[in-house]
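Understanding the architecture of this molecule
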Amino acid sequence: MSLYDDAVLVLKGYEGQPELRQAYLDHLAAHPDGMWKACPAGHITASALVVDPGRGRVLLTLHRKLRMWLQMGGHCEPGDASLAAAALREATEESGIAGLTLLAGGPVRLDRHPIPPPCHCHFDVQYAAVAAADAAHAISDESLDLRWFSYDEVADVADASVVRLVEATRTRLGA
(Lines give C-alpha, C1' and ligand atoms only; values in the text may rest on other atoms or scores of the structure.)
Protein backbone atom coordinates (compact mmCIF):
# COMPACT_ATOMS: atom_id res chain seq x y z
CA MET A 1 0.00 0.00 0.00
CA SER A 2 1.33 3.44 -0.88
CA LEU A 3 1.69 6.21 1.67
CA TYR A 4 -1.03 8.13 -0.21
CA ASP A 5 -3.41 5.16 0.06
CA ASP A 6 -2.58 4.74 3.74
CA ALA A 7 -3.33 8.42 4.38
CA VAL A 8 -6.71 8.16 2.66
CA LEU A 9 -7.53 5.02 4.66
CA VAL A 10 -6.43 6.59 7.95
CA LEU A 11 -8.43 9.74 7.28
CA LYS A 12 -11.55 7.82 6.25
CA GLY A 13 -11.29 5.88 9.52
CA TYR A 14 -10.74 8.94 11.69
CA GLU A 15 -14.00 9.71 13.48
CA GLY A 16 -13.35 13.20 14.82
CA GLN A 17 -13.44 16.64 13.22
CA PRO A 18 -15.66 15.62 10.25
CA GLU A 19 -15.43 18.89 8.28
CA LEU A 20 -11.67 19.14 8.60
CA ARG A 21 -11.27 15.41 7.87
CA GLN A 22 -13.24 15.93 4.65
CA ALA A 23 -11.04 18.91 3.72
CA TYR A 24 -7.99 16.64 4.04
CA LEU A 25 -9.62 13.99 1.85
CA ASP A 26 -10.68 16.62 -0.70
CA HIS A 27 -7.12 17.97 -0.78
CA LEU A 28 -5.70 14.52 -1.48
CA ALA A 29 -8.33 13.83 -4.15
CA ALA A 30 -7.44 17.10 -5.90
CA HIS A 31 -3.67 16.74 -5.46
CA PRO A 32 -2.13 13.29 -6.11
CA ASP A 33 1.16 14.84 -4.90
CA GLY A 34 -0.51 16.13 -1.71
CA MET A 35 1.64 13.93 0.53
CA TRP A 36 4.84 15.68 -0.43
CA LYS A 37 6.51 18.95 0.44
CA ALA A 38 6.76 19.80 -3.27
CA CYS A 39 2.97 20.21 -3.56
CA PRO A 40 2.50 24.01 -3.65
CA ALA A 41 -1.16 23.83 -2.57
CA GLY A 42 -0.15 22.22 0.72
CA HIS A 43 0.73 18.78 1.93
CA ILE A 44 0.04 16.19 4.58
CA THR A 45 2.44 16.15 7.52
CA ALA A 46 2.67 13.74 10.45
CA SER A 47 3.41 14.68 14.03
CA ALA A 48 3.38 13.11 17.47
CA LEU A 49 3.06 14.61 20.91
CA VAL A 50 5.59 12.81 23.12
CA VAL A 51 3.90 12.12 26.43
CA ASP A 52 4.93 10.64 29.78
CA PRO A 53 1.51 9.77 31.22
CA GLY A 54 2.91 8.54 34.54
CA ARG A 55 4.34 11.97 35.29
CA GLY A 56 1.61 13.97 33.54
CA ARG A 57 3.95 15.73 31.15
CA VAL A 58 4.75 16.25 27.48
CA LEU A 59 8.03 16.85 25.67
CA LEU A 60 7.98 19.87 23.35
CA THR A 61 10.59 21.14 20.93
CA LEU A 62 11.51 24.77 20.47
CA HIS A 63 11.39 24.70 16.67
CA ARG A 64 14.55 26.18 15.13
CA LYS A 65 12.81 28.02 12.26
CA LEU A 66 9.48 28.93 13.83
CA ARG A 67 10.83 29.67 17.33
CA MET A 68 7.72 28.16 18.88
CA TRP A 69 7.20 25.28 21.31
CA LEU A 70 5.62 22.47 19.29
CA GLN A 71 5.11 18.71 19.22
CA MET A 72 7.57 16.67 17.17
CA GLY A 73 6.69 16.24 13.52
CA GLY A 74 7.22 17.12 9.93
CA HIS A 75 7.18 16.04 6.34
CA CYS A 76 6.49 12.56 5.09
CA GLU A 77 9.36 10.85 3.31
CA PRO A 78 9.31 8.30 0.49
CA GLY A 79 10.51 5.56 2.85
CA ASP A 80 7.60 6.02 5.27
CA ALA A 81 5.28 3.02 5.06
CA SER A 82 2.37 4.82 6.74
CA LEU A 83 1.36 8.08 8.38
CA ALA A 84 1.82 6.41 11.76
CA ALA A 85 5.35 5.37 10.78
CA ALA A 86 6.12 8.93 9.63
CA ALA A 87 4.86 10.38 12.92
CA LEU A 88 6.87 7.86 14.95
CA ARG A 89 10.00 8.49 12.85
CA GLU A 90 9.69 12.26 13.31
CA ALA A 91 9.09 11.92 17.07
CA THR A 92 12.09 9.63 17.45
CA GLU A 93 14.40 11.79 15.31
CA GLU A 94 13.43 15.06 16.97
CA SER A 95 13.28 13.82 20.57
CA GLY A 96 16.24 11.46 20.47
CA ILE A 97 14.13 8.97 22.47
CA ALA A 98 14.32 5.35 21.35
CA GLY A 99 11.44 3.00 22.03
CA LEU A 100 8.54 5.43 21.68
CA THR A 101 5.18 3.75 21.05
CA LEU A 102 2.19 5.37 19.43
CA LEU A 103 -0.93 5.61 21.53
CA ALA A 104 -3.52 3.12 20.28
CA GLY A 105 -6.48 4.33 18.28
CA GLY A 106 -4.80 6.16 15.41
CA PRO A 107 -4.55 9.94 15.08
CA VAL A 108 -5.51 12.03 18.09
CA ARG A 109 -6.33 15.20 16.11
CA LEU A 110 -6.04 16.97 12.79
CA ASP A 111 -4.66 20.50 12.52
CA ARG A 112 -4.51 22.52 9.31
CA HIS A 113 -2.32 25.60 9.52
CA PRO A 114 -0.67 28.09 7.17
CA ILE A 115 3.08 27.97 6.68
CA PRO A 116 5.56 30.37 5.08
CA PRO A 117 6.00 30.26 1.26
CA PRO A 118 6.76 28.59 -1.07
CA CYS A 119 4.13 26.21 0.27
CA HIS A 120 0.92 27.45 1.79
CA CYS A 121 -0.54 24.88 4.14
CA HIS A 122 0.23 21.89 6.33
CA PHE A 123 -2.50 19.31 6.77
CA ASP A 124 -1.08 17.80 9.96
CA VAL A 125 -2.18 14.37 11.14
CA GLN A 126 -1.38 14.33 14.85
CA TYR A 127 -0.61 11.25 16.92
CA ALA A 128 0.61 10.78 20.49
CA ALA A 129 3.74 8.79 21.36
CA VAL A 130 4.31 7.38 24.82
CA ALA A 131 7.79 7.63 26.32
CA ALA A 132 9.12 5.57 29.18
CA ALA A 133 9.34 7.45 32.49
CA ASP A 134 13.14 7.28 32.41
CA ALA A 135 13.46 8.30 28.75
CA ALA A 136 16.44 10.52 27.98
CA HIS A 137 15.97 13.04 25.20
CA ALA A 138 18.53 14.68 22.91
CA ILE A 139 18.22 17.89 20.92
CA SER A 140 18.27 17.46 17.14
CA ASP A 141 19.40 19.90 14.45
CA GLU A 142 15.77 20.98 14.01
CA SER A 143 15.42 22.17 17.60
CA LEU A 144 16.79 24.97 19.69
CA ASP A 145 15.67 23.20 22.86
CA LEU A 146 13.65 20.27 24.15
CA ARG A 147 11.82 20.46 27.44
CA TRP A 148 9.29 18.50 29.46
CA PHE A 149 6.21 20.49 30.48
CA SER A 150 3.43 19.42 32.81
CA TYR A 151 0.05 19.25 31.12
CA ASP A 152 -0.96 22.47 32.89
CA GLU A 153 2.14 24.39 31.78
CA VAL A 154 1.58 23.88 28.05
CA ALA A 155 -0.94 26.74 27.70
CA ASP A 156 1.70 29.14 29.05
CA VAL A 157 4.32 28.27 26.40
CA ALA A 158 2.60 26.88 23.30
CA ASP A 159 -0.10 28.00 20.89
CA ALA A 160 -3.72 26.87 20.89
CA SER A 161 -3.10 23.99 18.45
CA VAL A 162 -0.65 22.35 20.86
CA VAL A 163 -3.00 22.94 23.78
CA ARG A 164 -5.83 21.23 21.85
CA LEU A 165 -3.50 18.31 21.04
CA VAL A 166 -2.57 17.91 24.71
CA GLU A 167 -6.26 18.01 25.70
CA ALA A 168 -7.18 15.40 23.07
CA THR A 169 -4.27 13.19 24.15
CA ARG A 170 -5.29 13.43 27.80
CA THR A 171 -8.83 12.47 26.84
CA ARG A 172 -7.52 9.45 24.91
CA LEU A 173 -5.37 8.50 27.92
CA GLY A 174 -8.27 9.01 30.33
CA ALA A 175 -6.09 11.48 32.27
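For the structure itself, look to the data block above.
Residues numbered from 1 in each chain as written. Predicted model: local features only at pLDDT ≥ 70, side-chain atom pairs only at ≥ 80, totals over all residues. Heavy atoms only, no water.

For the rest of this paragraph, the subject is the nonpolar core. Counting 34 residues, the largest nonpolar core has Tyr24, Met35, Ile44, Val50, Leu83, Ile97 and Val125 as its most contacted members. For this core, the secondary-structure elements that each account for two or more residues are helix H1 (3–13), helix H2 (18–30), strand S1 (43–52), helix H3 (83–95), strand S7 (121–130) and strand S8 (143–150). Core analysis: the second largest hydrophobic core is formed by 17 residues, Val51, Leu70, Val108 and Ala158 among them. (Core = buried A, V, L, I, M, F, W, Y, C linked by side-chain atoms within 4.5 Å. Buried < 20%, exposed > 50% of the residue type's maximum accessible area, 1.4 Å probe, protein only. Helix = DSSP H or I, 4+ residues; strand = E, 2+ residues; numbered from the N terminus.)

Positioned with a positive phi, Gln17 is a non-glycine residue whose angle comes to about 45°. In this structure, Arg67 is a non-glycine residue whose phi angle is positive, near 55°.

Once that is clear, we can look at the packing of H1 against H2. Between two packed helices, the angle of one axis relative to the other and the distance separating the axes together describe the packing. Remark: H1 packs on H2, axes separated minimally by 10 Å, with the N-to-C direction vectors making an angle of 155°. Considered as vectors, H1 and H2 are oriented roughly antiparallel to each other. The two elements H1 and H2 meet at a crossing, and its hand is left-handed. For the pair formed by H1 and H2, the contact residues are Tyr4, Ala7, Val8, Leu11 and Lys12 on the first element and Arg21, Tyr24, Leu25, Leu28 and Ala29 on the second. A per-class count over the contact of H1 with H2 returns eight nonpolar, no polar and two charged. (Axes fitted to C-alpha atoms, helices over the stretch in contact; angles between N-to-C directions. Parallel < 35°, antiparallel > 145°, perpendicular 65-115°, else oblique. Left-handed = near helix turned anticlockwise from the far one by under 90°. Contact = heavy atoms within 4.5 Å. Nonpolar A, V, L, I, M, F, W, Y, C, P; charged D, E, K, R; others polar.)

With that out of the way, let us pick up the packing of aromatic side chains. One pass over the full model with this rule turns up two aromatic pairs. Taking 5.2 Å as the distance between ring centres and 90° as the angle between the ring planes, the aromatic pair formed by Tyr24 and Phe123 counts as edge-to-face. Of this pair, Tyr24 sits in helix H2 while Phe123 sits in strand S7, and the two are 99 residues apart along the sequence. Centre to centre, the rings of Trp69 and Phe149 are 5.0 Å apart; their planes meet at 75°, and the pair counts as edge-to-face. A residue pair is termed long-range when its members are at least 10 positions apart, and Trp69 in strand S3 (residues 69–70) and Phe149 in strand S8 qualify at 80 residues. The exposure classification of Trp69 matches that of Phe149, with both residues buried. The lysine or arginine in question, Arg57, covers the ring of Trp148, its NZ or CZ lying 4.1 Å from the ring centre. (Phe/Tyr/Trp six-rings, centres within 6.5 Å; stacked < 30°, edge-to-face > 60°. Lys NZ or Arg CZ within 6 Å of the ring centre and 35° of its normal.)

With respect to the helices, strands and loops of the structure, Leu62 is situated in strand S2 (residues 57–63). As for Leu62 and Leu144, which are separated by 82 residues in sequence, their C-alpha atoms are 5.3 Å apart. If we skip the residues at most four places from it in the chain, Leu62 touches Arg67, Met68, Trp69, Glu142, Ser143, Leu144 and Asp145.

For Phe149, a relative accessible area of 5% translates into the label buried. A C-alpha to C-alpha distance of 6.3 Å links Phe149 and Leu59, two positions 90 residues apart in sequence. The contacts of Phe149, once residues within four sequence positions are left out, are Gly56, Arg57, Val58, Leu60, Trp69, Val154 and Val157.

This part covers H1. Residues of H1 that are buried include every one of Leu3, Asp6, Ala7, Val8, Val10 and Leu11, and no others. Of the surrounding elements, those touching the buried residues of H1 are H2, H3, strand S6 (109–114) and S7.

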